[in-house]
Every structure is written in structure tokens, then in C-alpha cells.
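# Inside the fold
Residue-level listing of the chains:
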Amino acid sequence: MGQAPSQEPWAQRTHEELTQELAYRFKEKCFTSIEFYSLKDVFKSLADQQGDIRYLKEDTIARFLEIPDILGASPVIFHMVSYLGAFPFLQEAPVVLGLAQLIMVVVIMTERYKRVLAKGPTDKTKLLFKSLAVHDRKVTEAEEPVKQDSTSGVAGTRPIAQFKGFAVDRPGSGDDNEEEEEEDDDDLVITAFELLDINEAVRRGEAGTIHEAIIPTDNLRKLIMLLLLIAPLDPQESLSQYSNRVAGRELELLRATAECILASFVNVETSPGIGYTRFKTVIPTLFPNLFSSFHGLFEHFLFSKDLDFSKHKVEKPSDDPQPISRTAQPLLPTTGDILNEHALSQLSLFLPGSSLFRRVRLLYSGNDAGFSMGSFESKIFNWRAPTILLVSGTRLADHPDGGQEASFAASLPPKRFPHGSKSERVTFGVYVREPWRHTHRQCFGDSETVLFQLEPLHDVFTASTINTDYVTFTKPPGNRPCLSFGCPHAKPTQSHRKEGLRALGAVSLLFDESFEFGVFNHDYKSRGGAFHTSIVRKFDFQDRFRIESLEVWGCGGDDEARAQAERWAWEEREAEARRRINLGTGDIDADRALLEMAGLIGGNRSGGSMG
């Protein structure tokens, strides 16, 4: 064997070569041949050229993706992609967006990187935070623009700027302890470095600082509005088909929905931005699907107009190719009193979007069918798919106004917590997977049941796996009328029943029997409830409110509706058969045989005396 000294593989390759190598691996594993051809074709048709460099500009990307100007989100998106394009050498961001950099952006935004980096951690939460963040000392200053330099030599190298990299990746002051530095290691970056066989010393040198970095509040607001708009978008759908959602009254509703979501991250009145600790805590529980909206948007780069065989070639290709435009089906068959398209997008941030968009139908509306448990039962029962209950109203004053409010207050435990917010309006909801039924002996629901709040602050209370008092629906004569979520399922003989008091769970939602009033209880110090306490409001609160709207939506399509109708029809036939049984003929054996055929007696059951 030769005795020549060996060199580490990483020492022989430049960052540009390593970037090209990673881009090649992504190209081979993350795209089909048609998808990569389309990506190159779209890039070629969109790219500007300066010297030897072909690159994408902010306004070009905004036009191609059809991001509405009124949202003001284009600079935020370009900030993100200019950072992600530098992957895995993030200290070199912002970068010129060449083809290799566009590959990085698309595989990260669509999570296709998991096909290459499957062996390592694949959580991109930290990476997305850093792509949105700035240094808090500079939060009020304008970001340095990405400069295009014709002397850079090679497409995709770092442009000349006033500083090296975004503020979030600037070297720290030297006061950071080792724990903070370890926290700054990005899992995806480390996995990519391992794939490229870059040694530990280099990896440690590339780690960026994340302390003192924040996402400006206004930037996150603009991004949330865009994410709500694109939540139902498919890769081949044009975003322009949802233009009605960013005009007039609909735009006001979109902004209002975004404010409720933003309130989960930060107090907009006191804080200039969101730090990483808050960001990584809130996302997994409250918004696990927040960035899934990017999948459909950035997959637009994988569909070239030249491959749209449904159309004849035009004489001259457009300079600004757009995704295929087609008439969109309504996201909702009808708008409810509470649920609209923006609220539906809000629900998709933590519930499966595949069972929401164009897949929900209104089963019950109190304003249409009446606010009663009987009408509720007649509309909801026998639906064999998940349901979403929504309730909204106005918060009650601290002291009851009138006899009905006083009667409702008297039915609740005397201990009362402060209000959950300053807002007078509240909206709560529950996602239930199991079919509805009476709960004379025990509650129904499963560990996938979710209790949540949509307004004025977005909050999610996931189910416990120990306490199973998820949903209670009881009616007389055996039980006191009750519709509640997370409340103890008490027997009629228990003392609080005798006293006329309803038992509230640690985290619970309860309605009175007339559906006139409701109460949401959050006992943060208590443990053992059916739903976990809030991760953003670590204090006790209680909201009592007058119900103004109550509706239940079924998740499913025509098949579920037919199954419900068939079940109702079967029950009606059974009831009619029972009503038409003719007894008292004088033939005891014949009457007994008839009752056995009807299933009313036989086995261990007795029909009583026939005499």
C-alpha cells in the first residue's frame, strides 16, 4: 500500500462543488424525469441573465406563484427562498437563486428531501424559523437587498453584500454558552453534511447562531394570511382562482382569522417578534400542518406549460408561464354562521386537510333547525364519519343579567376563574371521529378527539389517553339533559346532581340543555382531565358565554350522506313495524310468536303476562 498522506474528501471540494453534488442527489432521488425536465424548463423561461449567471428575481417568483400583492407577502417569501437556497451552507445566505438553489428550495418546501435524508432527523421547524428570522437589534431596520453580481463567476455563488449572510447566522458575541451553541445545530444541515462526508470540525464551524433572532410580527402576519389562502391549493391549481378571498369583506375576514392565529405566537401589542423557543413550542401542537400549504404552491415549479398536452401549442410561448388555470369547486357547499373558507383553512392547520376542503357538509345549524337537544340529535346521529362542532357567542358579564343567566350561573360550581381574553367574542369547537350516541353509562370519543378555540386566540387542547370523559350526550328520563366535552360523566345519584350543580372538567366545554348558554373551563393547575391544558396560556381561566351560533359539520362526501339516510330509513321502518304489531287476538301462542319475530321477546327477555 502506498504511504502518501491521505486527504479528507471535503478538503478537496469547494462549497460550490458540494452544493452541486447535493443538488444532483436531490435531482436523482426527489424528482421523476418529467418533473425535473419541467423544473428546468420553468427555470429557463423565468430566469434573468447577467453575464454567465441565470437567476430568479423576487417579482418573477411572485408573478409565477401568483402571490396577491395586497397581502404584502412576496418579500417574506423571497427572504425565505434566498436563505433556503443556500442549504446546507446557510452562513452564505442570501444567495442568487440559480437552478441548483431552486432545487434546494423545492425539495425543502415540499419535504421531498426525506427521500434522500431519510436516515437522519427531518424536522425542518428550525430551518424555516431561521429562514424567516432577523436579529432583534435590527428588527426595525430594512433588510439588505440581495445583490446580483456579474463578476461572481459561477451561477449560484454568494452575491456580494454588506454583510456575510442573514443576521440570524452572524457570529455571536462570544458570550454564548455551549448549551446555546449545541441548540443552534440544525438537524437537517447536519444530516446533509454527513451525506456529503464533511467532517465534524467543518460542521461545527457552519452552525449558525439562533439566540436573539426573531421573526418580525408583521412578517409572520403576512405569511399566515398567505398560508391560509393557499391551504387548499393543489399543485396544478392556479392561486388566482381564490382571488375572491382577498377582496372586500373576504379580505377583512382573512385578516381577522390571521390575527387569531398570530395571537398564539405573540402579544402583538407588546412584542416586536417571535423567538425560536416560542416558535418551536407552538408549532407541533397548535399548527402541525402550518407549512404543509407550501407543498402545493412550490410544486408549481414541477409543471411546465410545454407539458400540458391538453392544450395546443401557442405560436409564441409566454414570457411568464402560469400554472394550469381551471374553475375551482367551492371549498364549502354552503357557508355556515361560523364556518367560512378562512375558518376552514384555520382548521386545516391542525386537522387533516384531506377530510376538510370540499369534504364537509352542514349537518346541523341551531339557527335553522332550532336550539334543542332533540333537533340536534335528529340531524347528527347516524353520521358514520368524523364531525366538527362549532359554537360561538358573546361572553357573559361577571354578574348575571336576568333570571336565565342567574339560573345558568347557579348550576355551575361557585369557583370561577378570570376571563381567558379581553375579547367579548369567543368561538370554540370539537373534532369527534366516532359516530354520536347516547351516553347513559359512559362517554364516547377516542384519543383523536380534539377540543379547540378559534377566536379570539387559536388554541388546541389534545385528548388525554388516561381520562376518557371526552363527549357526553344524555337526555331524560334516566339522566339530566347534558351536552359536554371533558366533563366527568356523573351518575344521577351523585351529590352534585342533587344540589343541581354540574361538574366541570379541568379542560372542558359544556352547554345548558336549551343550548342558550355555554361555559369553557381551563383549570391549569389541575391534572387528570380528558383534555390537556394549553401550552400558550399557562394560567386558569373560564369563559361563560351566550350561544349565538351552534353548528355541526360532517366530514365526508355523498357516501356518508347516503349511509346516514339509509340508517334513518331503516330505523323508521323498524319503528313503523313495531307500531303496526297487532296483539290481543286471543291466540297467546300466535301473539308470542309475533313478538319473537319482532325481536321484542325471546332469549333472556320477557314480554310479561300474555293473559
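Residues numbered from 1 in each chain as written. Predicted model: local features only at pLDDT ≥ 70, side-chain atom pairs only at ≥ 80, totals over all residues. Heavy atoms only, no water.

An unreviewed UniProt entry annotates the protein as Restriction of telomere capping protein 5 of Trichoderma cornu-damae. Under the UniProt heading Subcellular location (unreviewed entry), the note attached to the protein is "Cytoplasm". Per UniProt, the protein carries the Function (unreviewed entry) text "May be involved in a process influencing telomere capping." (UniProt positions renumbered as here; feature names shortened; annotations may be inferred.)

### Brief notes about the confidence of the model for the protein
Here the protein shows a mean pLDDT of 81. Residues at 70 or above account for 73%. Of all secondary-structure elements in the protein, the lowest mean pLDDT belongs to helix α7 (residues 178-184), at 42, while strand β9 (residues 450-455) reaches the highest, 98. The model gives residues 200-208 a pLDDT under 50, and that stretch makes 17 contacts with residues more than four places away or in other chains. (pLDDT = per-residue confidence, 0-100. Helix = DSSP H or I, 4+ residues; strand = E, 2+ residues; numbered from the N terminus. Contact = heavy atoms within 4.5 Å.)

### With respect to the sheet that holds strand β3 (residues 134-135)
Read across the sheet, 3 strands follow the order β3-β4-β5 without closing on themselves; strand pairing throughout is antiparallel. Each of the sheet's edge strands pairs with one partner strand only, and the pair in question is β3 and β5 (273-275). In terms of strand pairing, β3 meets strand β4 (residues 213-216) through 2 bridges, oriented antiparallel. From the neighbouring strand, V134 faces β4, where its bridge partner is I214. Taken strand by strand, helix α12 (residues 276-286) contacts β4 and β5, and its axis lies near 80° from that of β5. (Pairing = 2+ DSSP bridges. Axes fitted to C-alpha atoms, helices over the stretch in contact; angles between N-to-C directions.)

### Section: the side chain of D446
Its place among the elements puts D446 in the loop between β8 (425-432) and β9. For D446, a relative accessible area of 15% corresponds to the buried category. Here E448 takes part through its backbone nitrogen, which lies 2.9 Å from a polar atom of the side chain of D446. (Buried < 20%, exposed > 50% of the residue type's maximum accessible area, 1.4 Å probe, protein only. Polar contact = N/O pair within 3.5 Å; in protein donor to acceptor, adjacent residues only side chain to side chain.)

### Section: the pairing of β4
Where burial is concerned, the two faces of β4 agree: the one with A213 and I215 and the one with I214 and P216 are both buried. Of the strand pairs in this sheet, β4 and β5 are connected by 3 bridges, and their pairing is antiparallel. Opposite I215, over in β5, you have I274 as the bridge partner.

### Regarding the pattern of salt bridges
Tallied over the full model, the rule gives 23 salt bridges. K57 is paired through a salt bridge with D48; the nearest N and O atoms lie 3.8 Å apart. Exposure remark for K57: the relative accessible area of 32% places this residue in the partly exposed category. The class of D48 is partly exposed, set by a relative accessible area of 26%. Salt-bridge contacts for K222 lead to D218; the nearest nitrogen and oxygen are separated by 3.2 Å. Taken together, the residues K222 and D218, both in helix α10 (residues 217-230) and 4 residues apart, mark about one turn of the helix. Looking at K222, the relative accessible area reads 24%, which means it is partly exposed. Linked by salt bridges that have partners in common, D218, R221, K222 and E259 make up one network. (Salt bridge = Lys/Arg side-chain N within 4 Å of Asp/Glu carboxyl O.)

### What about empty space enclosed by the protein?
Going through the model one piece at a time under the given rule, you end up with 3 cavities of 30 Å³ or more. Considered as a void within the structure, the second largest cavity measures approximately 50 Å³ in volume. If you go around the second largest cavity, the residues you meet are L396, A397, D398, H399, P400, E405, F408, A409, R416 and R544. Residue composition of the lining of the second largest cavity, grouped by class: 5 nonpolar, 1 polar and 4 charged. (1 Å grid on protein atoms, 1.4 Å probe; cavity = no way out; pocket = protein on both sides within 12 Å on 5 of 7 lines; lining within 4 Å. Points joined across faces, edges and corners; volume = space filled by probe spheres on them. Nonpolar A, V, L, I, M, F, W, Y, C, P; charged D, E, K, R; others polar.)

### Quick word on the state of the cysteines
The full count for this structure, using the stated rule, is 0 disulfides. Of all cysteine sulfurs, the one in C482 lies closest to C443, which takes part in no disulfide; the gap is 8.7 Å. On the accessibility criterion, C443 (10% relative accessible area) is buried. Its sulfur unpaired, C487 is 6.3 Å from the next cysteine sulfur, which belongs to C482. (Disulfide = S-S within 2.5 Å.)

### Structural notes on the side chain of S534
Counting through the fold element by element, S534 comes out in the loop between β14 (517-522) and β15 (541-555). S534 sits in the buried class, given a relative accessible area of 2%. Only 3.1 Å separates the side chain of S534 from the backbone nitrogen of V536, close enough to count as a polar contact. A polar contact of 2.9 Å, which involves the side chain of S534, links it to the backbone nitrogen of R537. Setting aside chain neighbours within four positions, we find S534 in contact with D459, F461, H522 and Y524.

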